[in-house]
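As a plain string of letters, each chain reads:
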Amino acid sequence: MQNLTLLDRLRKDFTGLDTRYHLADGRETHRYYLDSAASTLTLNCARQVADEFLQHYANTHSQAHFSARIANRAYDWAHQQALNFVGSHHAKYIACFAGSGSTAPLNRLARLLAARRPERDITLVSLMEHHANDLPHRRHAGQVIHIPLMGKAPALGAIDLAALEGLLEHYRDRVNYIALSAASNVTGIVNPIHEIAALAHAHNTWIIVDASQSIAHAPLKLTDNGTVERELDVVAFSGHKLYTPGSPGVMVVRRDLLEDQEPDELGGGMVDDVSLSGYQVSQHFPDREEAGTPNIPGAVQLGAVLNVLQRIGMQRIHASEQRLLRRLLAELSAIPQVRIYGDPDLERTPRLGVVSFNLAGLEHGLVAAVLNDYHNVAVRNGCFCAHPYVRELLKPELWELDIDFDTDNAEALIKPWQGMVRASLGLYSTDDDIKALLNGIDDLLAKPDHYRIQYQADRDGNFHHRNFAVSTETLFNPETALDRALAHSGI
Ligand SMILES: Cc1ncc(COP(=O)(O)O)c(C=O)c1O
């Protein structure tokens, strides 16, 4: 009961829940934020922790003075939160902060794991990956083979385990690691990561799990039943999808995968000694994997979020978001013109709070523009940095377009139809957000021609209102904000 209260109180403790904009019809309403899969809003209590830390801000490479010691302690605490969050209570794993999202750790892992076993020249990557968990492996990790998915487009499901097993058998002793997401950023569909870990390990293959889309929305532990066979070797995630914009990306990695190998990046803070003729890398983790001065406040803020989410309990957060997701799926499915992508049956194919859809005969760019300009509903549209997956989901529709790809303007003809609209949930999402989305869809479906003539499409498939343009400068201008801050501080 006490925890439930904490969850309910935290739901309202985000910056940006009351942000208001003027709309194309002259109304002013508050924003309905349904773009959490791209980036979540900021959790205030965690930002307060980072602000308080700034009173003591100092470089973690300094040691002697009070502030440096406080900074080191706080930064260590942030690492510990990441380890605790995924259930690593022993020294087998290390947590490292790197870059500004998951992309940095994923690139680094591709380089490190490829260098570790160069004789294993094949990497298996699921077909549903964000480019961040596909392209780094293509670049650094030998030949990438994509693992197919269950079902048929547009209702594709999770990874096809039988096909994966077939690939592991076929390329026996050649597959270095499998890279896949815990949940898709397009459909929210959840992969059975521990089952896949067991398959991988039976073939002496490692598994990298991109947890960017699941870490804030569902429990994710390194092992689900305590056995090493089902244990994940690596988990990576982004702070900006975890209510901490600007924080570093995170990787939790089995220590032995990093030991006895030159770190990927070199610089200050990770060497014991440097002479003109050589250098000696520190044996100390995570320092040796974190060259340079880290984003300490960002890590501390992220640590605070991870801590408070654990206090609530990820099961509880998951259950709460699943309730909203069920409503969203049910109401969208009841509209005949809506096509939902990915198997929508939650019993058969579990998914998190991410739903991509299209409205029959309406371009995704038009739908997203009308939802924003007339309903203040913030959704994402396009291919969501997952082009192969989105194309696979859209295959039947794109075929129906009957476009001759040998003509010069084939690209322009297909562009408006090659994409989807995505609504995604966060801890702060409410029934009102869903209601606003559904109202917007109903309104657009009732008057499609009325709306279409208000817009002009550009070459990239974005729709621009002919008579209504918001000057973002008037809504937020960094210089004006700075002037206000100076005046407020009497400077
Ligand atoms: C599943 C998934 N992986 C990786 C990324 C890349 O994350 P970042 O932009 O934080 O590097 C994203 C971002 O949308 C994502 O959804």
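Along every chain, residues carry numbers that run from 1 in the direction the sequence is written. In view of the model being predicted, local features appear only for residues whose pLDDT reaches at least 70, and side-chain atom pairs are presented and counted only at 80 or more, with totals across whole chains, interfaces and linings using the full set of residues. As a rule here, side-chain values come from all non-hydrogen atoms in the structure, and water together with hydrogens is ignored.

Asker: Before we go on, may I ask you to explain the nonpolar core in this structure?
Answerer: With 88 residues, the main nonpolar core has Leu124, Leu164, Ile178, Leu232, Leu242 and Tyr389 as its most contacted residues. What counts as a helix is a DSSP run of H or I of at least four residues, what counts as a strand is a run of E of at least two, and both are numbered from the N terminus. The element best represented in this core is helix H9 (residues 296-312), accounting for 10 residues. Those domain boundaries reflect an automatic or database domain assignment. Structurally, this core is a two-domain feature, drawing no fewer than three residues from each of domain 1 (2-41 + 313-475) and domain 2 (47-311). Core analysis: the second largest hydrophobic core is formed by 37 residues, Leu328, Ala368, Leu444 and Leu445 among them. Here, the term nonpolar core denotes a set of buried Ala, Val, Leu, Ile, Met, Phe, Trp, Tyr and Cys residues that are joined through side-chain atoms within 4.5 Å. Residue burial is assigned from relative accessible area. The probe radius is 1.4 Å, only protein chains are included, and a residue is buried under 20% of its type maximum, exposed over 50%, and partly exposed in between.

Asker: Looking at this structure, how should I read the packing of aromatic side chains?
Answerer: The relative placement of two aromatic rings is captured by the distance of their centres and the angle of their planes. A pair of aromatic rings is counted whenever rings of Phe, Tyr or Trp (Trp by its six-membered ring) have centres within 6.5 Å, and the orientation is called stacked for planes under 30 degrees apart, edge-to-face for over 60 and tilted otherwise. One pass over the full model with this rule turns up 7 aromatic pairs. A ring pair is formed by Tyr243 and Tyr428, whose centres lie 5.9 Å apart and whose planes are at 80 degrees; its orientation type is edge-to-face. Taken together, the positions of Tyr243 in the loop between strand E11 (234-238) and strand E12 (249-254) and Tyr428 in the loop between strand E19 (420-424) and helix H14 (431-446) put the pair 185 residues apart, joining distant regions of the chain. Residue class for Tyr243 comes out buried when judged on its relative accessible area of 0%. Among the aromatic residues, those joined into a cluster by ring pairs are Phe14, Tyr33, Tyr243 and Tyr428. Sitting over a ring, as applied to charges here, requires NZ of Lys or CZ of Arg to be within 6 Å of the ring centre and within 35 degrees of the ring normal. Directly above the ring of Trp206 sits Arg117, whose terminal nitrogen or CZ lies 3.6 Å from the centroid.

Asker: Even after reading the chapter, I still don't get helix H10 (residues 314-333), so can you show me in this structure?
Answerer: An α-helical turn contains 3.6 residues, so a residue and the one three or four places further along point in the same direction. A helix is expected to span 1.5 Å for every residue after the first. Along its 20 residues, H10 runs 28 Å from first to last C-alpha, staying within 8% of the 28 Å computed at 1.5 Å per residue. For H10, the full list of buried residues reads Met314, Ile317, Ser320, Glu321, Gln322, Leu324, Leu325, Leu328, Leu329 and Leu332.

Asker: Can you help me understand helix H6 (residues 161-170) in this one?
Answerer: Taken residue by residue, H6 has Leu161, Leu164, Leu167 and Leu168 as its buried positions. End-on view of H6: buried residues confined to an arc of 120 degrees, all on one side of the axis. Residues of H6 that are exposed and angled more than 90 degrees away from the buried face: Ala162 and His170. If you follow the buried residues of H6, they end up packed against strand E7 (122-126), strand E8 (143-147), strand E9 (175-181) and helix H7 (193-202). Arc definition: directions from the helix axis to the C-beta atoms. A contact between two residues is defined here by any heavy atoms of the two lying within 4.5 Å.

Asker: Sorry if this is basic, but what is going on with the pairing of strand E10 (residues 206-210) here?
Answerer: Put simply, side chains in a regular strand alternate between the two faces of the sheet. Across the 5 residues that make up E10, a large majority, 5, are buried. What you see with E10 is no split at all: Trp206, Ile208 and Asp210 on one side and Ile207 and Val209 on the other are buried throughout. Handedness is read with the strands pointing away from the viewer; a crossover is right-handed when the path from the first strand over the helix to the second is clockwise. Handedness of the crossover joining E9 and E10 through H7: right-handed.

Asker: Looking at this model, I keep getting lost on the environment of Leu109. Mind explaining?
Answerer: Inspection of the secondary structure puts Leu109 in helix H4 (residues 103-116). Note: C-alpha distance between Leu109 and His89 (20 residues apart in sequence) is 22 Å. Ignoring anything within four residues of it in the chain, the contact list for Leu109 reads Ala114, Ile208, Val234, Met251 and Val253.

Asker: Whenever I open this one, the pattern of salt bridges confuses me. Can you help?
Answerer: For this document, the term salt bridge refers to a Lys or Arg side-chain nitrogen within 4 Å of an Asp or Glu carboxyl oxygen. Scanning the model with the defined rule gives 25 salt bridges in all. The shortest N-O distance in the salt bridge between Arg422 and Asp35 comes to 3.6 Å. Residue Arg422 is located in strand E19, and its partner Asp35 is located in the loop between strand E4 (32-33) and strand E5 (42-43); the two are separated by 387 residues in the primary sequence. Measuring nitrogen to oxygen at the nearest pair gives 3.1 Å for the salt bridge that ties Glu347 to Arg326. Taken together, the positions of Glu347 in the loop between strand E15 (338-340) and strand E16 (354-359) and Arg326 in helix H10 put the pair 21 residues apart, joining distant regions of the chain. Overall, the relative accessible area of 62% leaves Glu347 in the exposed class. Residues joined by salt bridges that share partners form a network here, namely Arg323, Arg327, Glu331 and Asp431.

Asker: Can you walk me through the domain arrangement of the protein chain in this structure?
Answerer: Reports often express the size of an interface as the amount of accessible area lost when the parts come together. In terms of domains, the protein chain is made up of domain 1 (2-41 + 313-475) and domain 2 (47-311). Relative to domain 2, the C-alpha centre of domain 1 lies at a distance of 29 Å. In this complex, domain 1 contributes 44 residues to the contact, which on the side of domain 2 involves 39 residues. Buried area is understood as the total, over both parts, of accessible area removed when two parts are fitted together, assessed with a 1.4 Å probe. Interface of domain 1 and domain 2: buried area, both sides summed, is about 3,300 Å²; carbon and sulfur atoms make up 63% of it. When the area that domain 1 buries against domain 2 is broken down by residue, the three leading residues are Met314, Leu352 and Tyr389, summing to 23%.

Asker: Teacher, can you tell me more about unusual backbone geometry here?
Answerer: With the exception of glycine, most residues fall at negative phi, and the peptide bonds are largely trans. The omega torsion across Ala153 and Pro154 is 5 degrees, close enough to zero to call that bond cis. The omega torsion of the bond from Phe285 to Pro286 falls at 0 degrees, within 30 degrees of zero and hence cis. Tracing the backbone through its elements, the reader meets Pro286 in the loop between strand E14 (278-281) and H9. The phi angle at Asp260 is positive, at roughly 55 degrees, despite the residue not being glycine. Relative to the helices and strands, Asp260 is located in the loop between helix H8 (255-258) and strand E13 (271-275).

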